[in-house]
Amino acid sequence: MNHRDTPTRSESPSSLKYKRKRKNDSHSRYRDVKQNTSVSPLPVETNINDILMSASRIEFVQDDSVYSFIFYGTVSAPFCIDSVKFETFCMKISFVNKTTSVVTFTHTTTVEDEDVEKRVINEKVLEKEVTNQKKLYDSFVLSPFVPRVFAASVFTNKEFNDIISSLQQKQVFSANADKTMMSILRHLHANKSWNVHIFLMEYMDEKYKTLDERSFTMSLMGSETKTFDPTNIRTGYLHMAANIACAASSVGLILYDAHNRNGLSDSQGTDVRLIDVGDAFDLHNDDDTSKLQRMFNTMLSKISENSKELLPSLCSFFDVDEPSKLPERFYDNLRFSDFRTQVDVSIQDIHRTLIMIAFIDFMMNTPDRDSYSSRHSNCRCRYTMEIIYGKNSFINFNSFIINTKCRPRLSVDDFNQNLNIVKQIIMGIIKPESKKLIKRRSTCSILGGKHKKKYKYYHIKTKRYRRIIK
Ligand SMILES: Nc1ncnc2c1ncn2[C@@H]1O[C@H](COP(=O)(O)OP(=O)(O)OP(=O)(O)O)[C@@H](O)[C@H]1O
Ligand SMILES: [Mg+2]
């Protein structure tokens, strides 16, 4: 979700304060569900009620972000999604309404007892998050870089109360989860017009940490002090490659909230999962592309009025000789290649995609659009970009636009080595190793062969499930 109009926590100097331990209160070891793909005797239905009702334990993960409350659940009987068995889920709960006006509320965080301002969100925005995540998962099913989507739906205030009451009776909540749920119920009681969006997805276990968390390294001297260096971590390359795959593929999504807490990577740095993918432009959607063009034109007129000094840089950024040619050139640069259909992915194409993603990110995240030269302009994917292009190259719009090395056309080979690393990771995403193909085929052959009937059964459920999340 997009944050308030302030720099992201991960980007602000106070970021140290926000070092995110996964605040769950589990005592149990997390199971690696991805390894466990054998066929269960009977799948439970893939709808939210059934998954929740089969929960044997629900634990607290976090409640201090802008919109949601995150939980981690374990079920007593495995459920199947598209013939893969799961025993755990991540539950993202948000308050929703139908209005677009900003509604805020104060929530006292469960673990640290701090007051944070949270927001109620429009239903449609969350639908977009679920649809985008599902699209990305399905399109890259052999090398996924988002958690698998299980189900999502809006529950009325009363329906939600009923579900939680029965779970409370079954005593599935851990102490912190219970405390958070009580707080959620209190807010709902006080605001009867609010409904609740529940999003169930694959839970990325304790091995996964946000890029923000991975940015803290113990000092070499062995002291207790941790240093924060988000541009010095290899997992950043994975986040970036995943971000590029969203845009430069048939999916065509440009994420503009891909900050360092909206992605999780495993301890070996071999797997990344982007989360919170609702804030994105869909390049195949005419409304979105028109919106992008309108935004660019507005930006241009604001710059012409208030920050004229940026115009020549903007022209040379897009390699045009006069400002009137800028809108067309901006749009041309948004035609990303589909890396999956290309014989060879070029470094130039990777570079252009990255620079355009950053450009749109800046356009979206400059709080005061009257002043693009303002030092408050920011880019959510700043740190991952700086892993390739060097510290402070994406510190604000002004310095980004005047930097002759960071233009859509790659003019220097200073970054080739880094871009080649990204290329290798992208190749792993778009042409996953045969190992994964073999693993998948063997799962399917068990389902389609010996247990043919079960396969049909799963298939019916799958269709139903698709209806749920539409
Ligand atoms: N599928 C998941 N598996 C494990 N942990 C998750 C999962 N989804 C979210 N989390 C945890 O919850 C945190 C918040 O998730 P997310 O960004 O989706 O919520 P949000 O309310 O939209 O956040 P914000 O408003 O700060 O952007 C993540 O940083 C991560 O630590
Ligand atoms: Mg988030």
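Our structure's up above, just so we're on the same page.
Rules used throughout
Numbering of residues starts from 1 in each chain and follows the order in which that chain's sequence is written. Whichever chain is written first is A, and whichever ligand is written first is 1; the rest continue in order. The predicted nature of this model means local features are confined to residues of pLDDT at least 70 and side-chain atom pairs, given and counted, to a pLDDT of 80 or more, with totals for whole chains, interfaces and linings taken over all residues. Any two strands between which DSSP finds at least two bridges are classified as paired. Put simply, DSSP marks the helices as runs of H or I at least four residues long and the strands as runs of E at least two long, and each gets a number from the N terminus on. By the convention adopted here, residues make contact when the C-beta atoms placed from their backbones lie within 7 Å. Interaxial angles span 0 to 180 degrees and are taken between N-to-C directions of axes, which are lines fitted to C-alpha atoms, for helices over the stretch in contact. As a rule, residues whose C-beta atom has 12 or fewer other C-beta atoms within 10 Å are exposed, those with 20 or more are buried, and those in between are partly exposed; C-beta atoms are placed from the backbone. A set of buried residues drawn from Ala, Val, Leu, Ile, Met, Phe, Trp, Tyr and Cys, joined through C-beta atoms within 7 Å, is what defines a nonpolar core. Domain boundaries shown here were taken from an automatic or database domain assignment.

Engineer: Tell me what's going on with the sheet that holds strand β13 (residues 272-274), and back it up with residues and numbers.
Structural biologist: Read across the sheet, three strands follow the order β8-β12-β13 without closing on themselves; strand pairing throughout is antiparallel. Where the open sheet ends on each side, the last strands, each with one partner, are β8 (209-210) and β13. Bridge analysis of β8 against strand β12 (residues 263-265) gives two bridges, and the strand direction is antiparallel. What sits directly across from Thr 210, in β12, is Leu 264. Here helix α6 (residues 235-247) sits on the sheet and contacts β12 and β13; the angle it forms with β13, its principal contact strand, is near 50°.

Engineer: An account of the pairing of strand β4 (residues 103-108) is needed here, citing residue identities and associated values.
Structural biologist: In regular strands, side chains alternate between the two faces of the sheet. Inspection of the sheet shows β4 paired to strand β5 (residues 115-122) by six bridges, in the antiparallel sense. The residue bridging Phe 105 from the neighbouring strand is Lys 118, located in β5. Where β4 hands over to β5, the hairpin turn is made up of six residues, of which Asp 113 adopts a positive phi near 55°.

Engineer: Please give an account of helix α11 (residues 382-389) that cites residues and values.
Structural biologist: The element α11 is extensively covered by neighbouring structure, given that seven of its eight residues are classed as buried. Looking at the buried positions of α11, the neighbouring elements they touch are α6, α10 (347-364) and α13 (416-430).

Engineer: Go over the nonpolar core, please, and point to the residues and values.
Structural biologist: Grouped together as the largest cluster of nonpolar side chains are 111 residues, with contacts concentrated most on Leu 200, Ala 241, Ala 245, Ala 358 and Ile 426. Looking at which domains feed residues into this core, each of domain 1 (32-205 + 437-470) and domain 2 (208-432) supplies at least three. In contact with Ala 241, other than residues within four places in its own chain, are Val 422, Ile 425, Ile 426 and Ile 429.

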